[in-house]
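Coordinates in review
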Amino acid sequence: MALSNGPSRAGDGAMMSLLDNMVGVSDCVLLEPLTEDGFVENLQKRFKANEIYTYIGKVVVSVNPYKPLPLFSQNKISEYRGMNLYELPPHIYAITDDAYRAMRDKNRDQCVIISGESGAGKTEASKIVMQYVAAVCGKGKDVDTVKEQLLQSNPVLEAFGNAKTNRNDNSSRFGKYMDIEFDFKGDPMGGVITNYLLEKSRVVTQAAGERNFHIFYQLLAGAPDVLMKDELDLTRNPADYYYLSQSGTQKIDKINDKEQFAITQKAMQVLGFTDEEILSIYKLLGSILKLGNVKFTSVNTMNGMEGVGFQKENEILDVCEQLECLKEDMIHALTKRTIGQKGEKVTTSLTPAQAAYARDALCKAIYDRMFTWAIKTINNSIREESKDNPKRRKTYRKKKVRDGTGRKVMGVLDIYGFEIFEGNGFEQFIINYCNEKLQQIFIELTLKEEQEEYVVEGIEWTNIDFFNNIAICDLIEKSNLGILSMLDEECLRPGDVSDQTFLNKMNTTKSILGHPHYESRSKCKSDKSIDHESFRLKHYAGNVNYCVTGFIDKNNDLLFRDLSQLMYKCDHLLLKTLFPEGNPKHNSQKRPPTTAFQFKSSIAELMKNLLTKDPNYIRCIKPNDDKAPNDFNEALVRHQVRYLGLMENVRVRRAGYAFRQLYELCLTRYKMLCPKTWPNWKGAAKDGMVQLLTHLGYKKEEYAYGRTKIFIRNPRTLFDLEQRRHLRMHYLATLIQKIYKGWRDRTKYQKMRQSVTLIAAQYKGYKAKSKYQKMRLSCILITSLWRGYLARKEYKRLRYEAKCMWAVGIIKKFFIGWRVRKEYRKLFRSNAAPKIIAFMRRYVISKYLLKLKTQLPTMSPLDRNWPPCSPMHKSTHSKLKDIFRRWRATMYRIQIDEPRREVLGTKVTASDLFKEKKSSYPASVPVQFRGDYVRLRINTKYSKLAVQTNDQKIIFADVVDKVNRNNGKITHTLLVLSSKSFLVMDQKSLLTKYRIPLTEITSITCSPYSDGVFVVHVTKGGEFTKKGDFVFISLNVIEILTRFSRAVQMETNKENVIKIADRFSLDFNGSSIQATICTKNIHEINPAPQCKRKGKRLDIMA
């Protein structure tokens, strides 16, 4: 274990929190004895104490707790910020802070490599790293924008790249590497995300109990109704879609898909996705779901060959609508295949199985390319170049973040761990190859770091024996001779190619068959643990059997050219970008690269990138398969420890010297063990350590002196130092306690002595003060009594003088009054009373009139108020009331113009006709009668027609419903009432159907209910009246009938033409019809009245 050289915030006891209070061993390099059982037991002991992090040198081993722990608060971030790696208990914050400060202060690029199996907490660990970096870097508008975009990339990547598996509810189904670029101050400036091997087969098939990618369920649960119905035409039940229902699991108890959809959509908006792009993504997702529901059937073609058809073609129509392509093109691409050779093209029909394969391949290709495009869009948003030049966000060039500008980079790699299942296929083979490469680079970089430190400190470097996996890496990736090369050759070879021919080729190749890490049934014929369709590789983490079934198809990953060209022909916003090979202008016969070739190239680029950075490792372990807290499955953890190579990590770290520390820190911690160094050592720290270790008598081969650090070979030596320090601390604690008690008692005595002196002084002062206060109070009392006596005496004298002056004034006033009354007595008796009475009367009248002036009612004729008065003015008050009301009515009539008089007259007529006779009348009282509802008065066409018939003066015009005389059906028509006639016209062409003079109207009938039915009875024999009476329906029935009554009366002097009854007779085409109007509620209007004609009866349900 090596300690950093940086300053310590914890003072002299900086190591105390790591070594003194630890549960088990915080750093497994110090584990003694070093066995696999001891390693697993140490992890279990710390896990039970909620210590989920353990070091292996600079490697953090993280055990998933499956419960919330108080380890990730803002206070924890502040606690670990700027601290050395081993000053505090193990934590992801510690290794992240160490990497961040090394990048910022030493200008060394860093990377954090996170590995482990599904459910071990890799995704959460990467979030914790990002959270810490965002919290400790600088602030500012631009910096905060970059941090927000970097953090918001996680929800989008999780929605499109994560899914529920049987091991993990939020399993990453792709590898992710993010490079974050920082400026010289350590503030983030941008980043680039690289993805590896998305598990696109999950789009079309999932194991029992698992789910498809999260985004499908989020879309169905959280999308607005408008989007679901109008744009996507999807239902919210995942069971309606084959791609989501085949596993039998659609919901996760701990995940709210509706809330996650809102988070994902907001994150996409923050990252710069436009609304059109987001809608295009949703349409692609909906198309995938609908394509999954397409079922194929076998049909016979015209030439007798077997072809393929669809069970329901309407599903194809929905897909074509979403992708914006022709139905014929879609059907042709899904059911036929065009093969071109030397300018000739041959079209063959597919079988139902081949069509289903083509459909699934298309869905996988759409989702995989859409995912890659989304990551490129995110990169365009968070790359530093895009901030300075927004136009560059429209394009993307794959390149490293650093381009020679001198800026620093921290990478975060979240990638799959080693996988060993009961059945292992192509995916496990690729994943385990990736882990072999990571293990190789880990060993190389770890040994390089160890060797560099030994050289810097002047310690002799000794060779270390370890498992070197370069042999198995060559077996897999070596050009022309490796397994991947042979797989590519077999895929490209013409003729009969199958998974079995690939296995036979490996078994007949000497470089593979003779390799010590390769086994098969052909090589080990007696080993029945390998079946005839499998081969075995001896990885660093254990032996793995791989079944070759599906290797050829998954490596080819072919998409028929017809499907690519179909996608390019679509008018969808993204498909031309996603399928550029479908462009007929760039038609190429070259085969696309295989999956293995692409992955091998990506891994080679990743390894090259990692070798330029200082690595920091986080190894994630899953404690149980049930995702249960406080459950530690020892067998499962032991299995992960093996395939993660953790014991190999410990052995590499323990090679040579297991413990090293700066002289200053080591001397500060252990100086109490030697009399010469305790309590203070004034010489060089290295000389002090020499004195200390010489005094303790350790063998010289157990330690070595470097230039700045002391190196201890065996952990037992370190634990012996700790034990001696622990015992010495007991002695020092007793010594401190003794000195403290003596100081405490002396201090107590001194305080008691000072207290006695102080109390005596205070008491004597208190006694003297009390005597003085009594004497002072006595003097004040005597003085106040004497002054009071003098004041009372003076007060009595002044009071007597005041009474004398008051008496003189009273006598004078009475004398003057007596003299005046004596002189004017005669005048008062003869004239005063009449004048007073007259004055009082004028006063009372004036007061009454002035008061009446202020209390007059308003000018509204409806105001019946009149102020009260006294009985004295009752007669005058009544006359003034009549005069005022007549004057107010006169003034009101003067203000009314002629149109208003007409409106009021119409309202009065309506009241006379319908008040308390028809139920709908009260509702019409506040409604203004408009007359011309269709603005016919300003219609030039009608004006020309009206001149011919003398119908220029329009009284009423509106669109009403006319009841057919023969079948009772209702049609819309235009009803016009003029001063001479009423007309029934076509509402669009204004063609006159009927013109009935008002003189030919005998009566008009309506019901007493709230309906709008009315019947116009006419005389027989006229040109337009020979068919009989007219039945109309209108919501403005009160106004229509009122205006009809006034117009007929004006023209013919007939009165009471309006009749109100629910049963009456009609004349239809010369036949007498008995009409009945019915209603369910007399106070409610039926919005859709019905009329039924049965023989001589007409029933109207109003």
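Values in this document were obtained by computation on a predicted structure and should not be read as measured data.

**Regarding the layout of surface pockets**
- Counted as a void, the second largest pocket has a volume near 1,200 Å³.
- Forming the walls of the second largest pocket are 42 residues, and the residues nearest its centre are Asn-64, Glu-124, Lys-127, Asn-168 and Asn-170.
- For the lining of the second largest pocket, the secondary structure elements donating two or more residues are strand 2 (59–63), helix 5 (122–136), helix 6 (141–161), strand 5 (171–172), helix 7 (214–222) and helix 10 (257–270).
- The greatest single-element share of the lining of the second largest pocket, amounting to seven residues, is contributed by helix 5.
- Partitioned by chemical class, the residues of the lining of the second largest pocket number 17 nonpolar, 16 polar and nine charged.

**Observations concerning the sheet that holds strand 27 (residues 1058–1060)**
- Ordered in space as 23-22-21-20-26-25-24-27, the eight strands form an open sheet in which the pairing is mixed. At either margin of the open sheet sits one strand with a lone partner, and together these are strand 23 (992–997) and strand 27. For this sheet the average axis-to-axis angle between neighbouring strands, irrespective of direction, equals 30 degrees.
- Of the strand pairs in this sheet, strand 25 (residues 1013–1018) and strand 26 (residues 1030–1033) are connected by four bridges, and their pairing is antiparallel. Bridging across to strand 26, Val-1013 finds its partner in Ile-1033.
- Of the strands in this sheet, strand 20 (954–963), strand 21 (970–978), strand 22 (981–985) and strand 23 touch helix 33 (residues 940–949), which is tilted by about 135 degrees from strand 22.
- Against the sheet, helix 34 (residues 1037–1052) engages strand 20, strand 21, strand 22, strand 24 (1001–1006), strand 25 and strand 27, with an angle of about 125 degrees to strand 20.

**Re the pattern of salt bridges**
- Per the counting criterion, the structure on display carries 42 salt bridges.
- The salt bridge involving Arg-108 is made with Asp-614; its shortest N-O contact spans 2.7 Å. Taken together, the residues span a long stretch of sequence, with Arg-108 in the loop between helix 4 (92–106) and strand 3 (110–115) and Asp-614 in strand 16 (residues 614–621) at a distance of 506 residues.
- A relative accessible area of 22% places Asp-614 in the partly exposed class.
- Arg-211 is paired through a salt bridge with Asp-257; the nearest N and O atoms lie 3.3 Å apart. Remark: Asp-257 occurs in helix 10 and Arg-211 occurs in the loop between strand 7 (188–196) and helix 7; sequence separation between them is 46 residues.
- Residue Asp-257 is classed as buried on the basis of its relative accessible area of 11%.
- Within this structure, Glu-36, Asp-37, Glu-634, Arg-638 and Arg-642 form a network of salt bridges that share partners.

**Section: empty space enclosed by the protein**
- Tallied over the full model, the rule gives six cavities of 30 Å³ or more.
- Considering only enclosed or pocket space, the largest cavity measures out at about 100 Å³ in volume.
- Taken together, Ile-56, Lys-58, Val-59, Phe-442, Leu-445, Thr-446, Glu-449, Pro-615, Asn-616, Tyr-617 and Arg-653 make up the full set of residues lining the largest cavity.
- Of all the elements in the fold, those that place two or more residues in the lining of the largest cavity are helix 16 (426–457) and strand 16.
- With four residues, helix 16 is the single largest residue contributor to the lining of the largest cavity.

**Observations regarding helix 7**
- Buried residues dominate helix 7, accounting for eight of its nine residues.
- If you check which residues of helix 7 are buried, you get His-214, Ile-215, Phe-216, Tyr-217, Gln-218, Leu-219, Leu-220 and Gly-222.

**Focus on the sheet that holds strand 19 (residues 709–712)**
- On the basis of which strands lie adjacent, the open sheet formed by three strands has the order 17-19-18 and antiparallel pairing. Since the sheet does not close on itself, it has two edges, and those belong to strand 17 (659–662) and strand 18 (703–705), each with one partner. Between one strand axis and the next, the sheet turns through 20 degrees on average, direction left out of account.
- Sheet analysis places strand 17 next to strand 19, joined by four bridges and oriented antiparallel. Within the sheet, the bridge partner assigned to Phe-659 lies in strand 19 and is Ile-712.
- Sheet contacts for helix 27 (residues 663–670): strand 17, strand 18 and strand 19; angle to strand 17, the most-contacted strand, approximately 95 degrees.
- Of the strands in this sheet, strand 18 and strand 19 are in contact with helix 28 (residues 685–696), which crosses strand 18 at around 155 degrees.

**Focus on the nonpolar core**
- Grouped together as the largest cluster of nonpolar side chains are 115 residues, with contacts concentrated most on Phe-160, Phe-216, Leu-285 and Tyr-367.
- When residues in this core are grouped by element, the largest group, 15 residues, is from helix 14 (residues 352–382).
- Judged by nonpolar contacts, the second largest core, of 90 residues, contains Leu-484, Tyr-518, Ile-603 and Tyr-703.

**As for the pairing of strand 19**
- Of the two faces of strand 19, the one carrying Lys-709 and Phe-711 and the one carrying Ile-710 and Ile-712 are both buried.
- By the bridge criterion, three bridges tie strand 18 to strand 19 in an arrangement that is antiparallel. Bridge pairing in strand 19 places Tyr-705 opposite Ile-710.
- Counting the residues between successive antiparallel strands, the hairpin from strand 18 to strand 19 contains three residues.

**What to know about the pairing of strand 7**
- Pairing analysis gives eight bridges linking strand 6 (residues 175–182) to strand 7, with the strands arranged antiparallel. What sits directly across from Lys-176, in strand 7, is Asn-195.
- Between the end of strand 6 and the start of strand 7, which pair antiparallel, lie five residues, with Gly-186 showing a positive phi angle near 90 degrees.

**Looking at helix 12 (residues 314–323)**
- Residues Glu-315, Ile-316, Val-319, Cys-320, Gln-322 and Leu-323 constitute the buried set of helix 12. Viewed along the axis of helix 12, the buried residues span an arc of 165 degrees, placing them on a single side of the element.
- Looking at the buried residues of helix 12, the elements they touch are helix 8 (225–232), helix 11 (275–292), strand 9 (306–310), helix 13 (327–335), helix 22 (561–569) and helix 23 (575–578).
- Once helix 12 ends, the next one or two residues include Glu-324, with phi positive near 60 degrees.

**With respect to the packing of aromatic side chains**
- Tallying each qualifying case throughout the model produces 33 aromatic pairs.
- In textbook terms, an aromatic cluster arises when at least three aromatic residues are bridged by ring pairs, as seen for Phe-426, Phe-429, Phe-502, Tyr-518, Phe-535, Tyr-546 and Phe-551.
- Sitting above the plane of the Tyr-568 ring, Lys-576 keeps its charged end 5.5 Å from the centroid.
- One residue, Arg-965, lies across the ring of Phe-1030, its end atom 4.6 Å from the ring centre.

**A short note on the packing of helix 31 (residues 898–914) against helix 34**
- At a minimum axis separation of 9 Å, helix 31 and helix 34 run at an interaxial angle of 100 degrees. With respect to helix 34, the axis of helix 31 lies roughly perpendicular. Between helix 31 and helix 34, the residues in contact are Glu-902, Gly-905, Thr-906, Thr-909, Ala-910, Leu-913 and Phe-914 and Ile-1038, Leu-1041, Thr-1042, Arg-1043, Ser-1045 and Arg-1046, respectively.
- Considering only residue class, the contact of helix 31 with helix 34 consists of five nonpolar, five polar and three charged.

**Here's the deal with the side chain of Asn-609**
- For Asn-609, the location among the structural elements is in helix 24 (residues 595–611).
- The buried category is assigned to Asn-609, whose relative accessible area is 10%.
- At 3.3 Å, the side chain of Asn-609 and the side chain of Asp-179 are in polar contact.
- Setting aside residues no more than four positions away along its own chain, Asn-609 makes contact with Tyr-177 and Asp-179.

Calculation criteria
- Residues numbered from 1 in each chain as written.
- Predicted model: local features only at pLDDT ≥ 70, side-chain atom pairs only at ≥ 80, totals over all residues.
- Heavy atoms only, no water.
- 1 Å grid on protein atoms, 1.4 Å probe; cavity = no way out; pocket = protein on both sides within 12 Å on 5 of 7 lines; lining within 4 Å.
- Points joined across faces, edges and corners; volume = space filled by probe spheres on them.
- Helix = DSSP H or I, 4+ residues; strand = E, 2+ residues; numbered from the N terminus.
- Nonpolar A, V, L, I, M, F, W, Y, C, P; charged D, E, K, R; others polar.
- Pairing = 2+ DSSP bridges.
- Axes fitted to C-alpha atoms, helices over the stretch in contact; angles between N-to-C directions.
- Contact = heavy atoms within 4.5 Å.
- Salt bridge = Lys/Arg side-chain N within 4 Å of Asp/Glu carboxyl O.
- Buried < 20%, exposed > 50% of the residue type's maximum accessible area, 1.4 Å probe, protein only.
- Core = buried A, V, L, I, M, F, W, Y, C linked by side-chain atoms within 4.5 Å.
- Arc of directions from axis to C-beta.
- Phe/Tyr/Trp six-rings, centres within 6.5 Å; stacked < 30°, edge-to-face > 60°.
- Lys NZ or Arg CZ within 6 Å of the ring centre and 35° of its normal.
- Parallel < 35°, antiparallel > 145°, perpendicular 65-115°, else oblique.
- Polar contact = N/O pair within 3.5 Å; in protein donor to acceptor, adjacent residues only side chain to side chain.

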